[in-house]
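# Survey of secondary and tertiary structure
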Amino acid sequence: MTMEVALEDNNLMEKVLPPDEQEIDVELEAKEKKYLRGEGANLETLKDKKLKTQLASREKLYGKSAKAAAKIEKWLLPASAGYLETDGLEKTWRVKQTDIAKEVDILSSRNQYDIVLPDFGPYKLDFTASGRHMLAGGRKGHLALVDMMSMNLIKEIQVRETVRDVAFLHNDQFFAAAQKKYSYIYARDGTELHCLKERGPVARLRFLKNHFLLASVNKIGQLHYQDVTYGDMVASIRTGKGRTDVMEVNPYNGVVALGHSGGTVTMWKPTSQAPLVQMQCHPGPVSSVAFHPNGHLMATSGKERKLKIWDLRKFEEVQTIHGFHAKTLSFSQKGLLAAGTGSFVQVLGDSSGDYSRYMSHSMVKGYQIEKVMFRPYEDVLGIGHSMGWSSVLIPGSGEPNFDSWVANPFETTKQRREKEVHLLLDKLPPETIMLDPSKIGAMRPSRRKERPTRGEIEAEKEVAVEAAKGVELKKKTKGRNKPSKRTKKKKELVENVKKTFPEQEQGAAGKKRRIGEDAAADLPSSLKRFARKN
Amino acid sequence: MQTYTKVFLCGTWGQYYPVTFCISSTYFRFKRHVFSSQCLFPSRGEIVSSWTNSLVVIYWFIAPVWDLDQIFDESSFSLIGESITSLIVEYHLRTNRTWMFCVVGVFPWLVRHDSLLSPISSSKESLVLWNKRRNLKPPWLWGLIWTSYSFKNLIWTIVSSLRQGDWVTSLLDNRRKDGLVMRRHVVEDDEIATKHVISCSGSVWNGQRCNRWIVPPDLLSDEWCWITMDDSQTQDHIRPRTTTIENVSESVYSAIELGSIVLLFLYHHVQLKNVFVVCFYSAHLKQHKSKLHHLSKTSQSLGIKTISRSVDEFTRERSQDLQRVFHNFDPSLRPMEKAVEYQRALTAAKLEKIFARPFVGAMDGHRDGISCMAKNPNYLKGIFSASMDGDIRLWDIATRRTVCQFPGHQGAVRGLTVSTDGNVLVSCGTDCNVRLWSVPRPSLEDSDLSSEKSTEVPSAVYTCKNALLAVDHQFEGDLFATAGAQLDIWNHNRSQPVQSFTSGSHSVISVRFNPGEPDILATSSGDNHISIYDIRMSSAARKILMRTKTNSIAWNPMEPMNFTAANEDGNCYSFDGRKNEEAKCVHKDHVSAVMDIDFSPTGREFVTGSYDRSVRIFPYNGGHSREIYHTKRMQRVFCVKYSSDATYVISGSDDTNLRLWKAKASEQLGVILPREQKKHEYNEAVKNRYKHLPEIKRIVRHRHLPKPIYKAKAESRAMNDAKRRKDERRKAHSAPGTVVTESHRTRRIIKEVE
């Protein structure tokens, strides 16, 4: 007996993995889930055996590739994410940029600088998808294209008129600037390529990378989508909400969000004239909007000094942060949220589910921050302000590992050209902009009409009958207006209404009553002979 | 950007410890080499690596440790163990200007390499005792580092002794060997090694200041810590350069995290402006451990790491190299990936349509309609064809020319087959003759067989009473069967059939031997029968009576119990030869009689030729064709063949031409690069993934049909629908069970006889 117990114990011991391996397994499983991109299909309900096996093998394949990807993430990625940790009482938001500068290596500390250009500010910034190039547009007409890796100024031009916004197109070769009257597209060397007159004086410009659409909202609140590959104006939408300069693109699905002075945030797609969503986010004007890269979170800030985080899957408010009016908001790749106001930048992190203070940075008093934007694939926050632009280190904000085929900071000319061709081949039509992009490439579920339940029909009938009873009859000429006639008419009306609702079968769930089964007794005598003999 | 060489070595005093050695330089043309501990512990005095061709020589040896208590005497020293770790690194730059040479170890005296400027032949021999040569008594007894390198014809030497608290820097001019300059810093006895390093380096470096030491935070967490040093000459905008030694040493990050005792660090700038060697060594880690710990604590109050990428690590080293590619499969980096994938599938489907050019060429030469064809099992490029006027030709498919003609038949040739070894061609025709021909063999120098057209004479002519309609040769044997008024089995060498089978008054139309069982064959006859014979028996083993005639039969070469029959009603029926009561699959698409059928050697597909002037390719288990081939000029197709490599389809038709088609219409012919291959596979995969979606389905399925076929199809569809409706109604209005709908698979079969 004791021997058996011991044996069992041994078996148990064999099954239990050492704690290290267990830990790794749990970690890998969590990662696998990310790469599986959602639940697999429920194959149990399928009746078609052939299809079931085919799908099962497909699911198996997905599982395998997710496992491989998880392992690659665990073991093979060259770099790990940045972090800022303090021990004990020290708080992360007390760490100054100067403190960071002391601790980090030279390459990183090069990313801390202020460029002082007092004459042309305030500056708007934009980064390319790889974070290699930065475009700065000063309000007074100064456009500068900077290579952030070598810190070289590639080109700067002075357009001699107001520049309201700047945006890179699909790579660093082209950029668009919203100027006083029209917006323009420039090449990398500063050549003006196009003047986009159709859209009028544009307040904000955004480029939808997957769709090659240049979206803009102009001074009279019109939203324009222009295809930059062949210049077609895909959509021009009158928002009817007045002038706005709050505009952001949800990177997850390409939906454009506008913030309005009434406190609403509306979301738009080019294929419909009506907004997809209207949300009342703030009581007062919305001052800025930002989207989390996973597309599920939206941050809005209002003039009433509140910053709100919204869950876009439920369109619900997740969190409100009081006492903070952000002129500009930006989410980083790792989900940090930077909010700039006045000469102060607050960076919020979601370490414990809620967004809370992570870091802060104060500029010289009097600098007015115009735009904050995280540099992709770097732990760097770019700040455009009234006196030029600055760059500060925010450890843990950027994705440490880039993918050469997605966005490569070390891209060569040849690679860039090839990438451009592939981007154009994979260009999505404007119809693919929708709130839930996972619906693309899925089958539409069969639209079988749901039959209303009996209770619903009854209720509907009752309502209709009541409505019929309440109808005021016209006064008719003499003789036809007798009370008897009037009651008759009313009854008829009610009957007619009742007729439109088919009679419900009485008895067991609409089953056809077979002649003679149990009701043979109550049949008329003439029919009794047809009754089934038991 | 800077390029530099790092040599890093760490070990533990008195015992063997894993040692990491690392060189990274673009200049020296090799990447990082991290040796495992095994390879760094060879037997004593052995050379680990010698890259003289690639300009770097690395020696590793374990020298004996001498008894330290013994006062040194030239003749008397004893070995107490193998505890000295030594490393010699020599770089022969192309310019022949720089050599480096380092030895780290514990010596009661100094050793040095004598032949700095000549290649090191054996490390052990080349080590000579320093004081033997110099007659100097070493001022240190314990914990020495001796480093030497030459730069601009100077030999720089760093010597240190912790025990005595001395760091000695000596500068030795190579030209003037007697001149010895020493600089000395007195340090506290128990001070920490890193500080020594800095002060040492600062003093050595010829007036240049060491800016700072950086320990990459990545590595701090590791057991082994790497130290890199940044050149002070690079522009540093943020911070003023450290000017004094004290400042420098303060900004040093502790390298003590290392847990290692012996540490050698070399820094080499590639521009050769400042060759720089730094060594430090601590022999008493255990004593200092608490202090080290304390130091690491104070200097590490903030845990900060930021992303920093050096260009070297992410770009290729030379223009001949491939570009480096990094992957991150995180879905969040690829927004809208499903939409993009769908778009790619759509593009792939469209591209497939664009590149669908199946027609390769026509082989013109016959003067009458092609009646039959035969593949040469021995030779991929050859195909035999015969026409209604008695002409038999051998074609070279690659050049699409006639290679050889076989004249002799008087009337139409109706059957053609080649023996399995490819030597004998058998033909038969309506002139009641069976002719055997020997097949010309392609010679090596004339591999394409197309130099000149030749004619052959039959090797044998056998005559029988009736016209012959088909012939097929046995697999693995020398029997062949002819079909006519009866089924005859012939031997190559006999002028009379060895066996005959008769059945009824109708003639046998086609005959096909089973590829698996050599004695089994299937025939079809004019009285709508499909019969399976075993030639060892006297009558048919099994018979299926169909409603219409079967024109041809093909066995599946991969599943030889299954065969497919091409029927007069425009359908093909796949049967399991063991179970004939119903067809396994009915392949519908042709609108007129199917004249011939041939399986792909893979057994997954077969090709059919039809009287409706089209050729179709069906999957072996699918009800509808995946491909239709037709041209304006192609007339009734009488015979089709799948090529033996499954890439081509050949059809012979009434318009006297053989036509060569690709089996996959959009396949790229010729040599395909691996990247192209991958792209094709990817396209295939995405198409397969989204094949059920209406847009892609429509594009993939669409085929242009000739008007007569299109009309006939619509007509037959209308007829079938009407019939189906009628049947349904009849069924609905009859007593249940009286009207039975027959499935398609049994509808055309009248009966089945065992």
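Please read all numbers here as calculations on a predicted model, not as lab measurements. (Residues numbered from 1 in each chain as written. Chains lettered and ligands numbered in written order. Predicted model: local features only at pLDDT ≥ 70, side-chain atom pairs only at ≥ 80, totals over all residues. Heavy atoms only, no water.)

## So, the UniProt feature "repeat: WD" (unreviewed entry) in chain B
Residues and elements named next belong to chain B. Note the cut-off: UniProt positions are given in the numbering used here, feature names are shortened, and annotations may be inferred rather than shown by experiment. A run of H or I in DSSP becomes a helix once it reaches four residues, and a run of E becomes a strand once it reaches two; helices and strands are each numbered from the N terminus.
Taken from the UniProt record, the annotation "repeat: WD" (unreviewed entry) applies to residues 363–405, 406–447, 501–543, 587–618 and 630–671. Secondary structure over residues 587–618 splits into 0% helix and 56% strand, and the C-alpha atoms at its two ends are 7 Å apart. Strand forms 43% of residues 630–671 and helix 0%; the C-alpha atoms that close the span are 27 Å apart.

## Regarding the interface of chain B and chain A
Rules: Contacts were defined at the residue level, with two residues in contact if any of their heavy atoms lie within 4.5 Å. Buried area: the accessible surface (1.4 Å probe) lost by two parts on joining, summed over both. Here, a salt bridge means any Lys or Arg side-chain nitrogen found within 4 Å of an Asp or Glu carboxyl oxygen. Under the rule applied, a polar contact is a pair of N or O atoms within 3.5 Å (in protein, one hydrogen donor and one hydrogen acceptor; residues adjacent in sequence only if both atoms are side-chain atoms). Residues are sorted three ways: Asp, Glu, Lys and Arg are charged, Ala, Val, Leu, Ile, Met, Phe, Trp, Tyr, Cys and Pro are nonpolar, and all the rest, Gly among them, are polar.
Between chain B and chain A, the contact holds 53 residues from the first and 69 residues from the second. Interface area for chain B against chain A, summed over the two sides, is near 5500 Å², with a carbon-plus-sulfur share of 56%. If you sort the residues of chain B by the area they bury against chain A, I307(B), R309(B) and M336(B) come out on top, with a joint share of 14%. At the surface where chain B touches chain A, the tally comes to six salt bridges. The salt bridge involving D330(B) is made with K34(A); its shortest N-O contact spans 3.8 Å. Across the contact surface, chain B and chain A share 20 residue pairs in polar contact (both at pLDDT 80 or more). When residues of the side of chain B that touches chain A are traced back to their parent elements, those giving at least two are β12 (212–214), β16 (302–305), α7 (311–314), α8 (337–354) and α9 (674–689) of chain B. In terms of residue count, the dominant contributor to the side of chain B that touches chain A is α8(B) (eight residues). Residue composition of the side of chain B that touches chain A, by class: 21 nonpolar, 17 polar and 15 charged.

## Examining the side chain of T432(A)
Spelled out, the test is: Residue burial is assigned from relative accessible area. The probe radius is 1.4 Å, only protein chains are included, and a residue is buried under 20% of its type maximum, exposed over 50%, and partly exposed in between.
With respect to the element layout, T432(A) can be found in the loop between α6 (413–425) and α7 (454–469). The exposure class assigned to T432(A) is buried, which follows from its relative accessible area of 8%. Looking at T432(A), its side chain comes within polar contact range of the main-chain oxygen of P429(A), at 2.6 Å. Among residues more than four places away in sequence, those in contact with T432(A) are H211(A), I440(A) and M336(B).

## Concerning the pattern of salt bridges
Residues and elements named next belong to chain A. Tallied over the full model, the rule gives 45 salt bridges over all chains. Where E370 meets K124, a salt bridge forms, and the shortest distance between an N and an O atom there is 3.0 Å. Of the two residues, E370 sits in strand β27 (residues 369–375) while K124 sits in strand β3 (residues 123–127), which places them 246 residues apart along the sequence. As far as burial versus exposure is concerned, E370 and K124 are alike and both buried.

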